[in-house]
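Examining the three-dimensional arrangement
So the chains spell out like this:
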Amino acid sequence: MTKEAVYKHLFSCGRCDRLGRYFDIFNKIEKEDHFEIFMDVFNDMEYSFDCFDNGLLQFMKFLRPESMREKIESLADADGYITVYRGKCTKSTSCRKALAWTMDKNKAECSL
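Residues numbered from 1 in each chain as written. Predicted model: local features only at pLDDT ≥ 70, side-chain atom pairs only at ≥ 80, totals over all residues. Heavy atoms only, no water.

1. Comments concerning the environment of Lys-88
Mapping Lys-88 onto the fold places it in the loop between helix H5 (66-75) and helix H6 (105-110). Note: C-alpha distance between Lys-88 and Ala-108 (20 residues apart in sequence) is 7.9 Å. (Helix = DSSP H or I, 4+ residues; strand = E, 2+ residues; numbered from the N terminus.)

Right, dumping it as structure tokens:
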């Protein structure tokens, strides 16, 4: 299945339906395209993250390109941690449920 056909199939339905469609055609997608296409679906879902479960996200880590894993590791400190920030005001989602974070402290402070 061409990448163009995959995108046409995935993005011609509602946001939460895209994930099901992705897995319906999973075996028809070229292996090297899996992660990129999944990330496009994931990023487009905006506030529909309740459509994902932790098991799915863990599975997708196995499809992540080695170059991305190396980039993530390069951002970590000696103990393996990456510092992230979140701007928060009275109407913000709680930090336990929030999905939008930044590594730029200035961006977090400006979002207040």
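2. Some remarks on a nonpolar patch on the surface
There is a patch of nonpolar side chains on the surface, built from Met-68, Ile-72, Leu-75, Ile-82, Val-84, Trp-101 and Met-103 and spanning about 560 Å² of accessible area. Mapped onto the fold, Ile-72 is located in helix H5. Taking the relative accessible area as the measure of exposure, Ile-72 reaches 35% and is therefore partly exposed. (Patch = residues over 30% accessible without salt bridge, like charges linked within 9 Å, V, L, I, M, F, W, Y side chains within 5 Å. Areas by Shrake-Rupley, 256 points an atom, 1.4 Å probe, with all protein chains shown as cover. Salt bridge = Lys/Arg side-chain N within 4 Å of Asp/Glu carboxyl O. Buried < 20%, exposed > 50% of the residue type's maximum accessible area, 1.4 Å probe, protein only.)

3. Describing helix H2 (residues 15-24)
Turn by turn, an α-helix covers 3.6 residues, leaving residues three or four places apart pointing in a common direction. Taken residue by residue, H2 has Arg-18, Leu-19 and Tyr-22 as its buried positions. What you see down the axis of H2 is that its buried residues fit within an arc of 100°, all on one side. Packed against the buried residues of H2 are helix H1 (3-10), helix H3 (34-44) and helix H4 (54-61). (Arc of directions from axis to C-beta. Contact = heavy atoms within 4.5 Å.)

4. Side note on the nonpolar core
With 14 residues, the main nonpolar core has Leu-10, Tyr-22 and Phe-38 as its most contacted residues. Those elements that provide at least two residues to this core are H1, H2, H3 and H4. Tallying contributions element by element places H3 first for this core, with three residues. Every residue in contact with Tyr-22, bar those within four places of it in the chain, is listed here: Leu-10, Ile-29, His-34, Ile-37, Phe-38, Met-60 and Leu-63. (Core = buried A, V, L, I, M, F, W, Y, C linked by side-chain atoms within 4.5 Å.)

Geometry only, nothing functional implied.
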